[in-house]
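Understanding the architecture of this molecule
Spelled out from the first residue to the last, the chains are:
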Amino acid sequence: METITGANGCDGFPKIKVAIVGGGLVGTLSACYFAKRGHEVHLYELRPDIRELEHVPGRSINLALSVRGRAALKEVGLEEQLVQRHGIPMYARMIHELDGSTRSIPYGKKDQCIYSVGRRFLNESLLTAAEKYPNVHCHFNQKLVSANLKQGQMTFERQPSKEIEQVEAQLVVGADGAFSSVRKQMMKQPLCDFSQTYIPHGYLELCIPALSDGTHAMPKNYLHIWPRGRFMMIALPNQDASWTVTLFMPFDEFGKLDTPQRLLAFFKEHFPDAVPLIGEEKLVSDFFACKPSPLVSVKCGPYNIGDTALIIGDAAHAMVPFYGQGMNAGFEDCRLLDAVLLKHKFDVGPALKEFSTTRRPDAEAICGLAMYNYVEMRDLVNRKSFLIRKKVDSLLHSLMPNLWIPLYTSVTFSHMPYAQCIKNKEWQDKVRHTKQNQHDYLINKRQFYRS
Ligand code: FAD
Ligand code: EGO
């Protein structure tokens, strides 16, 4: 086996051949991490090189990037370029009431924010960053069709010719998304768990165009939310001063909006202030230009097969998007995997085993939290309670910043393991429910933490 020499803090460690399946957000970042440690990386992506495409089909145009995702980008030197320079900070949520009035509640202290980033920009930049390493080799138009993961053997089908190619690697990393082929191969093994759940809601993306003077049509540095119970809509800002608007709604409701008249009547009833911003004509044409997409949640495990295969990102833990954490969790996977490999001095078997056993409870926790948020936002009878809860939480947090950490804050603005975030919330619920003992409870807890 060759050994690495270089300034990566891993001189003398074994250098391996890694095949990463999936050149989406997580696969490309993972390629950077393995390349940084000097490994030989081959990235296989089903689609063509998106940098050469005019239009990229697929999901969500922009995403909310928070602390976990940023920390993972930082370790491969990309945080500054991708987030600070390109991302649009959102310092607060802005809630749109039915009557068109808005209120905002900050995410935290003055500089605490999440960033809106374009998916395409992120993916292209990550590809370019990966390719800057001489030890990274990208293979586009390659679809994994089968694999013997114990042997590290993969079969790819070149698109669109369907030519077959056999490939071998010491480690196969599946970062091929929610419908992962690597996972399918893995789940053929005994003792591998798998479950997936589709929710009744689908989503559809619309657009609020830039104003004629090239500025944003709504206050720019906010995550805009229209909470309407069964219907939810959000908007995240884009660099070109437009907004990507995402409508979440049950499929059967989507089905009812089958004419421009019904669509406009629906929007005027539920989202009246958004209609002039989108424009009636554009609303109709954009809405009927595409079908709503489904939302799936996936839990499975273990994430590895011995020392030859691992799944990360959506392949391991796809979640519904109601926490804005899917990509963040996938990026965090890359950072934690690197740390655990380093800890085990690139002894891959024990490292993968530790990654799988420690990461799984946290991944399942964020999948659960995202689903919980979906149910909560959907079922909130009185939307005002959203505001009250957020206000009370943020007041308690400002009074006791180290003691009272709202769930959204621990998930979005800290590195607290996701499972720990739930424990922290359970404690808070207890406190809330024993109001008369609230004071005592806090005092006890404080003494507990101080001792
Ligand atoms: P993907 O991005 O799905 O990439 C998988 C790649 O693998 C693709 O390029 C695909 O072409 C390739 N591939 C698939 N099969 C094969 C095969 N057989 N062979 C070779 N290649 C293959 N997350 C956030 O953090 N913040 C948000 O605000 C947010 N908003 C979201 C909004 C919506 C509507 C949705 C649906 C998701 C959102 N997410 C968000 C989640 C986020 O999109 C995902 O978690 C993230 O894209 C996962 O990245 P990935 O690389 O694991 O998978
Ligand atoms: C009561 C009601 C308690 C994604 C609502 C808690 C999610 C949930 C989809 C927002 C922000 C990034 C998002 C908040 C809550 C992204 C997010 C939130 C949505 C929908 C989203 C918040 C993309 C939940 N973060 N969030 O507190 O601002 O609160 F509305 Cl539908």
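All values reported here derive from a predicted model rather than from experimental measurement.

To continue, consider empty space enclosed by the protein. One pass over the full model with this rule turns up one cavity of 30 Å³ or more. Its volume calculated, the largest cavity comes out at about 40 Å³. Looking at the lining of the largest cavity, the elements with two or more residues in it are helix H1 (25–36) and helix H11 (326–343). The biggest single contributor to the lining of the largest cavity is H11, with four residues. For the lining of the largest cavity, the class distribution of residues is five nonpolar, one polar and one charged.

Let's shift gears to unusual backbone geometry. Peptide bonds are mostly trans, and most non-glycine residues show a negative phi. Cis geometry marks the peptide bond from Gln-159 to Pro-160; its omega dihedral reads -5°. With respect to the element layout, Pro-160 can be found in the loop between strand S10 (153–158) and strand S11 (164–168). For the bond from Gly-301 to Pro-302, the omega torsion is 0°, close enough to zero to count as cis. Considering the arrangement of structural elements, one finds Pro-302 in the loop between strand S17 (293–301) and strand S18 (304–305). Located in the positive-phi region is Asn-141, a residue other than glycine, with phi close to 60°. With respect to the secondary-structure elements, Asn-141 resides in the loop between strand S8 (136–139) and strand S9 (142–148). A positive phi angle is found at Lys-345, which is not glycine, with a value near 50°. Secondary-structure assignment places Lys-345 in the loop between H11 and helix H12 (348–379).

The environment of ligand 2 is formed by 19 residues, the closest being Arg-93, Tyr-107, Phe-386, Lys-390 and Tyr-408. With three residues, the single largest contributor to the shell around ligand 2 is H12. Residues belonging to the shell around ligand 2 are distributed by class as follows: 14 nonpolar, two polar and three charged.

Another aspect to go through is the confidence of the model for the protein. Per-residue confidence for the protein averages 92 on the pLDDT scale, and 92% of its residues sit at or above 70. Low pLDDT, under 50, characterises residues 1–7; the predicted model gives this stretch 18 contacts beyond four residues in sequence or across chains.

Now for the environment of Leu-204. As for its position among the elements, Leu-204 is in strand S13 (residues 193–208). Assessed through its relative accessible area of 2%, Leu-204 is described here as buried. Distance from Leu-204 to Ser-293, taken between C-alpha atoms, is 6.5 Å for residues 89 residues apart in sequence. Apart from residues lying up to four places away in sequence, Leu-204 is in contact with Val-245, Thr-246, Leu-247, Phe-254, Phe-287, Cys-290, Lys-291 and Pro-292.

This part is about the environment of Leu-144. The topology assignment puts Leu-144 in strand S9. According to the relative accessible area criterion, Leu-144 is buried, its value standing at 6%. With 119 residues separating them in the primary sequence, Leu-144 and Leu-263 have C-alpha atoms 40 Å apart. If sequence neighbours within four positions are ignored, Leu-144 has contacts with Val-21, Met-154, Thr-155, Phe-156, Ser-181 and Val-182.

In total, this model carries zero disulfides according to the counting rule given. Left unpaired, Cys-300 is separated from the closest cysteine sulfur, that of Cys-192, by 8.3 Å. Unpaired in this structure, Cys-334 has its nearest cysteine sulfur neighbour in Cys-32, at a distance of 8.9 Å.

The rules behind the values
Once a new chain begins, its residue numbering starts again from 1 and follows that chain's sequence as written. Just so you know, chain letters begin at A and ligand numbers begin at 1, following the order they were written in. Local features in this predicted model are restricted to residues whose pLDDT is 70 or higher, and side-chain atom pairs enter the listing and the counts only when it is 80 or higher, whereas totals over whole chains, interfaces and linings include all residues. Hydrogens are left out, water is left out, and the side-chain values use all remaining heavy atoms of the structure. Using a 1 Å grid laid over the protein atoms alone, points where a 1.4 Å probe fits but cannot get out form a cavity; open sets with protein on both sides within 12 Å along at least 5 of 7 lines form a pocket; any residue with an atom within 4 Å of a point counts as lining. Grid points are joined across faces, edges and corners, and a volume is the space filled by probe spheres set on the points. Each helix is a run of H or I in the DSSP string that is no shorter than four residues. Each strand is a run of E no shorter than two, and both are numbered from the N terminus. Charged residues are taken to be Asp, Glu, Lys and Arg, nonpolar residues to be Ala, Val, Leu, Ile, Met, Phe, Trp, Tyr, Cys and Pro, and polar residues to be all remaining types, Gly included. If a single non-hydrogen atom of a residue is within 4 Å of a molecule or strand, that residue counts as near it. The pLDDT value tells you how sure the predictor is about a given residue, anywhere from 0 up to 100. For this analysis, residues touch if any pair of their heavy atoms sits within 4.5 Å. Three labels apply to residues, based on accessible area from a 1.4 Å probe with only protein chains included: buried if under 20% of the type maximum, exposed if over 50%, partly exposed otherwise in between. A pair of sulfur atoms, both from cysteines and within 2.5 Å, is called a disulfide here.

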